[in-house]
Each structure stands twice: as C-alpha cells, then as structure tokens.
Amino acid sequence: MTELPETLANPSLEALRAVHDASSDLVRETPTMTSRSLSRDVGGEIVLKAENLQRTGSFKIRGALAKLRSIDVEGCAGVVTGSAGNHAQSLAYAARSLGIPCRVYMPQAAAIGKVEAVRAFGGEVVRGGEGVDSCVNLARDVALEEGMEFVHPFDDADVIAGQSGVGVELAGQVPDLRKVVVPVGGGGLASGIAIALKLHDPDVEVIGVQAEGCAAAVESMDVHHPVEIEQASTIADGIAVKRPGNLTLPLLERWLDGIVTVDDEAIVGAMVRLAERTKLVTEGAGAVGVAALLTGAVEPASTGATVAVLSGGNVDPRLLAAAINRHEITESRRVRISTRVPDSPGGLADLLQAIALAGANILEVSHVRDLADLDLSQTSVDLTLETRGPDHTAELRAGLAAAGYEVGEG
C-alpha cells in the first residue's frame, strides 16, 4: 500500500477549512434541503446536499481549484488531465480563472455536452481512450513529455483536500447530522468528506455507494489493495472508474463506515424521483446515494439527519429522457399493448374511444396488416399508452376486455 503524505496520514480539520476558505471566491456553498417525500418513504430525516448546483455542475471544481492553487502558476506550461467530463470541465474552468492553459483527454464515448462544456471553458479537448483510466494514463505520459502539470481526477492529496470542502460545509449546515451517503468512483470525494466529518464529529457515519456495474473500490477494499476490474458497465459514468487510487483506497478503508452497491435500475429510479419530486436534475453518479436509501441498501440514521450527496448534474439530455421512459415502463406508467380492430371506417375510432373512456393517454399508434394469422377483415393495432400506474393499467385492460377487445403485449 502506498505511503500517505503527511497531510493525509495526519489530517487537520483546520487545514481542510483553510483550503475550503481559499476557494470561496469561485466555489459555491451549495444548499442542503430536506426531502419530505424521501423522508417519508425511507423512514428517516433525509437531507440532500445539492452539489449538482455547484459551478460546472459538480463537486469537482473544489479539488481542481485546490490543486491549481498549490502549484507555481507563473512557471506552469499548462495543466493536463484525463476525464469523462466533470473533472475535465472543472479543471478547464479553474485553469481559465488562473490564466493557465488546459488540455483534457476524454474517452471516445464521452457525452457531447460535456466535451463542448470543456471547450466553452477554454480547455483543449483530445478524444482518445476507451475509458477514464486509459485517458488518465495518457495524460500522465503527456505531462512528462511536454513538461505540463498533471492533475489526477482523484488520487492527489490537494484534490482530496479540496473535495473535503463538501464535508466542511455539511458540518456547519446540518446541526443534527448523523449519517452521510456519498458516491464512490475513484474515492476522492468520499475520502475528503469522510475525513472532514470524522475530524468534526467521529460519530457521524459515512457510507460510500458504488454502481454495481463498476464496483472496483468494493473489490479492492475486500483484498486491501487496488484491484482493476475488466469492464465498467453502468449508467453512472461519473463514477465508472475501474481502479481506485493508491492514495484513496487506504483512506476509504480508514475513514468510511461501509460501502454498498446499487444497480442501474435503482439509479434510474432515483434520477427520475429526484427530478419529479425535488426538481433536481442529477446524473447517474449523483443519484446513487438516493438509490441506496430507496432500495434499503443503506438504512437512514435512527435519529438525526441522513444526507445524500448529489455529486453532479451533468447528464446528457438524451440519457435523461431515456431514463424517464424506462422508469415509466418499469412503473407501469407507460405500457405497450396490441389488439385487433375491424379494417373498416370507424374500427380504430371505436378502440380509441374505449381507451379515452379508461382515462389513458395515447403516445403512439400503428397498424400492422402483415401478420400471418390476421383475418383479411381485420387489422392489428400496436399502441403505446401512458397511465397513472399499475392499478390504472389493470383497469384499462379490464375496460378494453369488457368492450370486446383481446389485448396482448405490444
């Protein structure tokens, strides 16, 4: 295991507060808000820490700015990093504020919105690499070759100190704080928050959450050394890191009270829940804490407040739309049915009238006339309908059956 630098081996709350205060000109103190619906459903006082409202859309600006303020700006030829999006945007933003050139290596599959945001902040984007890890390695090599300053997305003492600002803020924002649920990718955010909160109050529990499809930190903590998983497959691209850091892994083992995983279906449900009930848009990584609470993977504190950290909101609009559609199907609020009607004037109109009487909304409708077992006097109709949920869907099917329609799955 890598030997920790003194600042991490024996951290000081005062030093972490100083790092946080030094960035107050650019870093927002993001709000906390109680969610009554989540509190009711999971059985505890649930508070949301909205880092998705931070500048650049995620917590990453904290660590990027802390790192850049630790280097010699005057003698710096530029900074370089590898990132899927959030760290890239934050480093470009921070570098521009300090007048430093910035280059970012991003995966080929990185969201177009995140790529364009980096460019809008003045960063040079180079597309290459299959994932975050390969881009980070490429950026490290370039830094050595061209004399640039390499800024690791998470495995850096200054970056971790910067991310601890979330914990510093929580200590002052939530007086009855008892538990914090935080996303874990490479481990920089979780380490920073845990250190700050444990130094403030050792009794505060800090639980990490990973996506089931990329749980490298969970596997690594089991064997007490960094393990690189072969494949990352999750909607939560912001925490799709195949290997935890040499610095962050021992910090996670020392400071976290536990770590759990959630699957993509739970993450999608949490994203939609946050958008619908709290009007907060989060990316997959930002929603994993809420997913853990909703699924019971993490139990809320029996007394006092449990905080879910919403780490970022930089979600591709198409992905968000797909997530909403998938969630509606899962919750039986969007259903596909198939039936047959007379292939004559009024045949379809009668079916649509029956659907209207049942109170469902028609999203799509199409005729299918080329089925082998279809009578020549009939046409098959496939419909996508919006309902109010499982009970309403059952009522709709019963109503159509009573009107003489045989209803199958679309």
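For the structure, see preceding data.
Residues numbered from 1 in each chain as written. Predicted model: local features only at pLDDT ≥ 70, side-chain atom pairs only at ≥ 80, totals over all residues. Heavy atoms only, no water.

(A) The arrangement of the nonpolar core in detail. Ranked by size, the top nonpolar core spans 36 residues in total, and within it Leu 170, Leu 177, Val 180, Ile 193, Leu 197, Val 307 and Val 309 carry the most contacts. Elements represented by at least two residues in this core include exactly α8 (157-163), α9 (165-173), β7 (177-183), α10 (188-200), α11 (216-223), α12 (248-255) and β10 (305-310). Residues in contact with Ile 193, not counting those within four places in the same chain, are Gln 163, Ser 164, Val 166, Gly 167, Val 180, Val 182 and Val 309. Of all hydrophobic cores here, the second largest spans 33 residues; its members include Val 268, Leu 274, Ala 291 and Ala 308. (Core = buried A, V, L, I, M, F, W, Y, C linked by side-chain atoms within 4.5 Å. Buried < 20%, exposed > 50% of the residue type's maximum accessible area, 1.4 Å probe, protein only. Helix = DSSP H or I, 4+ residues; strand = E, 2+ residues; numbered from the N terminus. Contact = heavy atoms within 4.5 Å.)

(B) Molecular detail of unusual backbone geometry. Positioned with a positive phi, His 224 is a non-glycine residue whose angle comes to about 65°. With respect to the helices and strands, His 224 occurs in the loop between α11 and α12. The backbone of Lys 279 sits at a positive phi, close to 60°, despite the residue not being glycine. Within the fold, Lys 279 resides in the loop between α13 (264-278) and α14 (284-295). Assessed through its relative accessible area of 64%, Lys 279 is described here as exposed.

(C) Summary view of the packing of aromatic side chains. Per the counting criterion, the structure on display carries one aromatic pair. Ring geometry for Tyr 93 and Phe 121: centres 5.3 Å apart, planes at 90°, overall edge-to-face. Highlighted residues: Tyr 93 in helix α5 (residues 86-98) and Phe 121 in the loop between α6 (112-120) and β5 (124-127), separated in sequence by 28 residues. Owing to a relative accessible area of 18%, Phe 121 belongs among the buried residues under this scheme. (Phe/Tyr/Trp six-rings, centres within 6.5 Å; stacked < 30°, edge-to-face > 60°.)

(D) Representation of the environment of Ile 195. Within the element layout of this structure, Ile 195 appears in helix α10. Given the relative accessible area of 2%, Ile 195 is considered buried. Here the alpha-carbon distance between Ile 195 and Leu 400, two residues 205 residues apart in the chain, equals 59 Å. Here Ile 195 is in contact with Pro 11, Leu 16, Leu 251 and Trp 255, once residues within four sequence places are set aside.

(E) Summary view of the sheet that holds strand β2 (residues 45-50). Sheet architecture is open: six strands sit in the order β1-β2-β10-β7-β8-β9, paired in mixed fashion. The outermost strands of the open sheet, each flanked by one partner alone, are β1 (32-34) and β9 (258-262). Across the sheet, the mean angle from the axis of one strand to that of its neighbour is 25°, orientation sign disregarded. Strand contacts of α9: β1, β2, β7 and β10, with the helix running at about 135° to β2, the strand carrying the most contacts. The sheet contacts of α13 involve β2, β8 (205-211), β9 and β10, and relative to β9 the element is tilted by about 90°. (Pairing = 2+ DSSP bridges. Axes fitted to C-alpha atoms, helices over the stretch in contact; angles between N-to-C directions.)

(F) Representation of the pattern of salt bridges within the structure. The tally for this structure, following the rule as stated, stands at 17 salt bridges. Across the pair Lys 67 and Asp 156 runs a salt bridge, and its minimum N-O distance is 3.0 Å. Separated by 89 residues along the polypeptide, Lys 67 in helix α4 (residues 60-68) and Asp 156 in the loop between β6 (149-150) and α8 bring together distant segments of the chain. One salt bridge in this structure joins Asp 237 and Lys 114, with 3.5 Å as the shortest N-O distance. Of this pair, Asp 237 sits in the loop between α11 and α12 while Lys 114 is found in helix α6, placing the two residues 123 residues apart along the sequence. Owing to a relative accessible area of 5%, Lys 114 belongs among the buried residues under this scheme. Linked through salt bridges whose partners overlap, the residues forming this network are Lys 49, Glu 51, Arg 62 and Glu 169. (Salt bridge = Lys/Arg side-chain N within 4 Å of Asp/Glu carboxyl O.)

(G) Main features of the sheet that holds strand β11 (residues 334-342). Sheet architecture is open: four strands sit in the order β12-β13-β11-β14, paired in antiparallel fashion. Only two strands of the sheet have a single neighbouring strand rather than two, namely β12 (361-368) and β14 (408-409). On the sheet, helix α16 (residues 347-357) packs against β11, β12 and β13 (378-386) and is oriented at approximately 30° with respect to β13.

(H) View of the packing of helix α2 (residues 13-22) against α9. Direction vectors running N to C along α2 and α9 enclose 100°, while the axes themselves pass 9 Å from each other. What the angle tells us is that α2 and α9 run roughly perpendicular. Contacts between α2 and α9 pair Leu 16, Arg 17 and His 20 from the former with Gly 165, Val 168 and Glu 169 from the latter. Here the residues of the contact of α2 with α9 sort into two nonpolar, two polar and two charged. (Parallel < 35°, antiparallel > 145°, perpendicular 65-115°, else oblique. Nonpolar A, V, L, I, M, F, W, Y, C, P; charged D, E, K, R; others polar.)

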